[in-house]
Amino acid sequence: MKRFQLVTTGCADVIVCWHCSEKTRIFGKQIEKLQDLIDNLLRMNTPEFTNELDLWREKVEKEINRLVPSSGTEPQTLHRAMRHSLEAGGKRIRPILVCAVARCFNENTAPLPAAVAIECLHTYTLIHDDLPAMDNSDLRRGRPTCHKEFGEAAAILAGDALLTLSFEILSSSYSNSPSLANFLIQDLAVASGSRWLVGGQMEDIENEGLALSTEKLSSINRKKTGALLAAACIMGARIGQANEAQLALVRQFGALLGESFQVIDDILDYTASAEQTGKSSGRDAANGKVTLASIEGIDSARNRATFLTQESLNTLSNIQGNTAFLESLVRWLEQRAS
Ligand code: IPE
Ligand code: IPE
Ligand code: MG
Ligand code: MG
Ligand code: MG
């Protein structure tokens, strides 16, 4: 990673590259912003944080392998299609949130099955989101999209199967704690249903090419993306047996983080390459999607993401337990490049 040092001299503020000593002059408010950026970059790139992130990903991927039928299971085309999209990688943010939030409270119950359940559900939404009738994307997680590789019928069915599997995993993995299983199923079902995720996707499609207020746009983002990130946090808190007051804070934290997550995703759709994100870029403009980046510009969208991120951090500071990893995760998500 490139590293910079901010140096204030008698006549100017300069940033000095630690590698080549190249100097760049900067002015006024840029200095404060850069100092914040450098502080955040240094804080979130500690080896402790990146090691922990890798460790969680590894655990989640092992559990995916354990809980999802093998690609040799009949019908093989369907199971290969499911695994094609699931195993392609991805940031695994939702499952990691389940595990990291659970750990803040109580580690008596295993969070990994719930983590895999939400990743299965999320992957189904991506497969369907990419279909020609929706965003019509060719690339996802660095691979051809499910319908490009297996055809539309198999992609629709792979999505259906992953959605259903997520509830099978929750009901069977937590059957020893029926009340917990019930809450987890309800949290995930409500967040992904017609009033939240699927409803948000409907409004996203219905409003293509139309002028939207920023309020309406926020509402769509909260539904199509915020609700599932909030569900990941709530499910973690349920597994950790958090009390009602803590659950409410966790819900608010996840919703703010989730809205910010979509604003940044929209910025990346404009600014990042397909190599960087592993998915087709420029799809929002091609589909006439109204996003904060398209109506107010990249800088304004970035400011909104920073505001939402800060609000989520403020909420996080009231959540009990060791939240250091979650804090780094939130900062890392704000600066992410994919
Ligand atoms: C993409 O989600 C879809 C949105 C809700 C913006 P992610 O950015 O979490 O995708 P993966 O899981 O890392 O591929
Ligand atoms: C998708 O939003 C949200 C869901 C999948 C629910 P986008 O359409 O912006 O996601 P990407 O950019 O295709 O990943
Ligand atoms: Mg979409
Ligand atoms: Mg899309
Ligand atoms: Mg997008």
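In short, a report on the structure.

Rules of the game
Think of each chain on its own: its residues are numbered from 1, step by step along the sequence as written. Chains and ligands are labelled sequentially in the order written, the chains with letters from A and the ligands with numbers from 1. At least 70 in pLDDT is required for a residue's local features to be given in this predicted model, at least 80 for side-chain atom pairs to be given and counted, and no such filter applies to totals for whole chains, interfaces and linings, which use all residues. To decide nearness, the C-beta atom of each residue is placed from the backbone, and the residue is near a molecule or strand if that atom lies within 6 Å of it. Only DSSP runs of H or I reaching four residues or more are called helices, and only runs of E reaching two or more are called strands; each is numbered from the N terminus. Gly is placed with the polar residues, together with every amino acid not listed as nonpolar (Ala, Val, Leu, Ile, Met, Phe, Trp, Tyr, Cys and Pro) or charged (Asp, Glu, Lys and Arg). Here the expected span of a helix is defined as 1.5 Å times the quantity of residues minus one. In this scheme every C-beta is placed from the backbone, and a residue whose C-beta has 20 or more other C-beta atoms within 10 Å is buried, one with 12 or fewer is exposed, and one in between is partly exposed. The reported arc concerns the directions from the helix axis to the C-beta atoms and nothing else. Each residue gets a C-beta atom placed from its backbone, and two residues are in contact if those atoms lie within 7 Å. Axis definition: a line fitted to C-alpha atoms, over the contacting stretch in the case of helices. Angles run 0 to 180 degrees between N-to-C directions. Any angle that falls under 35 degrees is termed roughly parallel, while one over 145 is termed roughly antiparallel, one within 65 to 115 roughly perpendicular, and all others oblique. Crossing handedness: left-handed means the near helix sits turned counterclockwise from the far one by under a right angle, and right-handed means the same turn made clockwise.

1. Concerning the site of ligand 2
Around ligand 2, the neighbouring residues are T125, L126, D129, D135, S137, L197, Q201, K224, T225, D265, D269 and K279. Those elements that provide at least two residues to the shell around ligand 2 are helix 5 (112-129), helix 9 (197-206), helix 10 (214-239) and helix 11 (244-271). When residues in the shell around ligand 2 are grouped by element, the largest group, 3 residues, is from helix 5. Grouping the amino acids of the shell around ligand 2 by side-chain chemistry returns 2 nonpolar, 4 polar and 6 charged.

2. Quick look at the site of ligand 1
Taken together, G90, K91, I93, R141, T225, Q262 and D265 form the complete shell of residues around ligand 1. For the shell around ligand 1, a count of residues per class yields 1 nonpolar, 3 polar and 3 charged.

3. Structural notes on unusual backbone geometry
With an omega of -10°, the peptide bond between E74 and P75 qualifies as cis. As for its placement among the helices and strands, P75 is situated in the loop between helix 2 (47-67) and helix 3 (76-86). With phi around 55°, N136 is a residue other than glycine that occupies positive phi space. Checked against the element boundaries, N136 lands in the loop between helix 5 and strand 4 (139-140).

4. Some remarks on helix 15 (residues 298-316)
With 19 residues, helix 15 extends 27 Å between its outermost C-alpha atoms, agreeing within 8% with the 27 Å of an ideal straight helix rising 1.5 Å per residue. Along helix 15, the residues classified as buried are A301, R304, A305, L308, T309, S312 and L316. Viewed end-on, helix 15 has its buried residues packed into an arc of 135°, placing them on one side of the element. With respect to the buried face of helix 15, the exposed residues turned more than 90 degrees away are D299 and N314. Where the residues of helix 15 are buried, they touch helix 11, helix 14 (292-296) and helix 16 (324-334).

5. Focus on the packing of helix 5 against helix 8 (residues 178-192)
Two elements in contact, helix 5 and helix 8, have axes whose closest approach is 12 Å; the angle formed by their N-to-C orientations is 20°. Between helix 5 and helix 8, the crossing angle belongs to the class labelled roughly parallel. Here helix 5 and helix 8 pass one another in a crossing that is right-handed. Of the residues in helix 8, those in contact with A114, A117, I118 and L121 of helix 5 are L184, L188 and S192. Taken together, the residues of the contact of helix 5 with helix 8 sort by class into 6 nonpolar, 1 polar and no charged.

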